[in-house]
Amino acid sequence: MSDIVYVDSHFVPREQAKISVFDRGFLFADAVYEVTAVIDSQLIDFSGHFQRLQRSCKELGLSIPITKDQLIHIHHQLIEKNNLHEGLIYLQITRGADSSRFFDFPPSSVSSTIVAFVQHSTVVNHPNAKEGISVISVEDIRWQRCDIKTVALLAACLAKHQAHQQGADDAILIKEGYITEGSSSNFFIVNHDNEIITRPLSQDILPGITRQAIIQLAQEEGLKIIERRFTLDEAKKAKEAFISSATTLIWPVISIDNQDINQGVVGQLSQRLREIYLDKALKK
């Protein structure tokens, strides 16, 4: 049976889910999105995702024509209607569809477009969490407001495609000699003093919800977290490395540019943090 999709107050089969060709999300990438993981039919870190959604919309002057409670209800209905046990829910809000293709923002009478759908996927027992992933480094060519979660993801697509062409699983991005983040994730390293290092928040990286949860959990466990810039060379010499996102949670990185990290073996601290995260997330 076809999945059910939410489009502007209606739940419809995915084959019937349509928006206007004049929608500004389609024409200008004038839209924001969020992805919330679902485990055991539970939403993971939804409040954090909603807060970031509010921030993204505020930065773009884009109104959210829906309350947090209404959005939670939509998410729960999508879980129920699609019998979603594990996977994700994708949410997108655009500035709406004007009568034609004009660069100026449309009048306030034009309603925002809201779309949400599910993806059934493995989150908890994904093989990459146990085996680790390989990444390549590529230049960060994204726009200068990476802290806003917009749908303008072509640079990320190009990075992932380049990684796959070279036989790697993903890419990490380099700007002015320093790692910013992964193509669709935040990036961490662990040095040989067992200090966890990640780039500080700025306009250069997305304020990851899972990133913040990891930092908080690590501090609660008495682990040292350092937020600073670090180079590609430092990452290649690290004791461990890992990425974080809503859909990966934590995936260890065991190779960068064909150079092994921790002799190509998944690190113990990465595994420990993932276990703690899952334990805390499912108890909320």
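Residues numbered from 1 in each chain as written. Predicted model: local features only at pLDDT ≥ 70, side-chain atom pairs only at ≥ 80, totals over all residues. Heavy atoms only, no water.

What follows concerns the pattern of salt bridges. Applying the stated rule across the entire model yields 19 salt bridges. Two residues, Asp3 and Arg14, come together in a salt bridge whose shortest N-O distance is 4.0 Å. Taken as a pair, Asp3 in the segment before strand E1 (4-7) and Arg14 in the loop between strand E2 (10-13) and helix H1 (24-28) lie far apart in primary sequence, 11 residues in all. Residue Asp3 is classed as buried on the basis of its relative accessible area, which comes to 17%. Across the pair Lys224 and Glu195 runs a salt bridge whose closest N-O atoms are separated by 3.4 Å. A residue pair is termed long-range when its members are at least 10 positions apart, and Lys224 in the loop between helix H6 (209-220) and strand E12 (225-227) and Glu195 in the loop between strand E10 (186-190) and strand E11 (196-198) qualify at 29 residues. A relative accessible area of 48% places Lys224 in the partly exposed class. (Salt bridge = Lys/Arg side-chain N within 4 Å of Asp/Glu carboxyl O. Helix = DSSP H or I, 4+ residues; strand = E, 2+ residues; numbered from the N terminus. Buried < 20%, exposed > 50% of the residue type's maximum accessible area, 1.4 Å probe, protein only.)

Turning to the environment of Lys280, a few remarks are in order. Here Lys280 shows up in helix H8 (residues 268-283). Here Lys280 falls in the partly exposed class, since its relative accessible area comes to 32%. In the structure, Lys280 is positioned 179 residues away from Arg101 in sequence and 47 Å away in space, judged by C-alpha atoms. In contact with Lys280, not counting residues within four places along its chain, are Leu217 and Glu220. (Contact = heavy atoms within 4.5 Å.)

The next point concerns the layout of surface pockets. Of the volumes computed, that of the largest pocket is approximately 940 Å³. What lines the largest pocket is a set of 42 residues, and nearest its centre among them are Tyr33, Lys149, Ser183, Ser184 and Ser185. Those elements that place two or more of their residues in the lining of the largest pocket are strand E3 (31-39), helix H2 (46-60), strand E5 (86-94), strand E6 (113-120), helix H5 (154-165), H6 and strand E13 (240-245). Sorting elements by how many residues they give to the lining of the largest pocket places H5 first, with 5 residues. (1 Å grid on protein atoms, 1.4 Å probe; cavity = no way out; pocket = protein on both sides within 12 Å on 5 of 7 lines; lining within 4 Å. Points joined across faces, edges and corners; volume = space filled by probe spheres on them.)

The subject of this paragraph is the packing of H6 against H8. In contact at an axis separation of 10 Å, H6 and H8 are set at 105 degrees when each is read in the N-to-C sense. On the basis of the axis angle, H6 is roughly perpendicular to H8. Contacts between H6 and H8 involve Thr210, Ala213, Ile214, Leu217, Ala218 and Glu220 from the former and Leu273, Ile276, Tyr277 and Lys280 from the latter. Looking at the contact of H6 with H8, its residues break down into 7 nonpolar, 1 polar and 2 charged. (Axes fitted to C-alpha atoms, helices over the stretch in contact; angles between N-to-C directions. Parallel < 35°, antiparallel > 145°, perpendicular 65-115°, else oblique. Nonpolar A, V, L, I, M, F, W, Y, C, P; charged D, E, K, R; others polar.)

Moving on, we get to the side chain of Ser185. If you trace the backbone, Ser185 turns up in the loop between strand E9 (178-182) and E10. With relative accessibility at 8%, the residue Ser185 sits in the buried group. Setting aside residues up to four positions removed in sequence, Ser185 forms contacts with Ile243, Ser244 and Ser245.

This paragraph deals with the sheet that holds E6. Taken in spatial order, the 6 strands line up as E2-E1-E6-E5-E3-E4 in an open sheet, and their pairing is antiparallel. On the outer flanks of this sheet lie E2 and strand E4 (42-43), each paired with one strand and no other. When E3 meets E5, the two strands line up antiparallel, connected through 9 bridges. Residue pairing in the sheet places Ala37 in a bridge with Leu88 of E5. (Pairing = 2+ DSSP bridges.)

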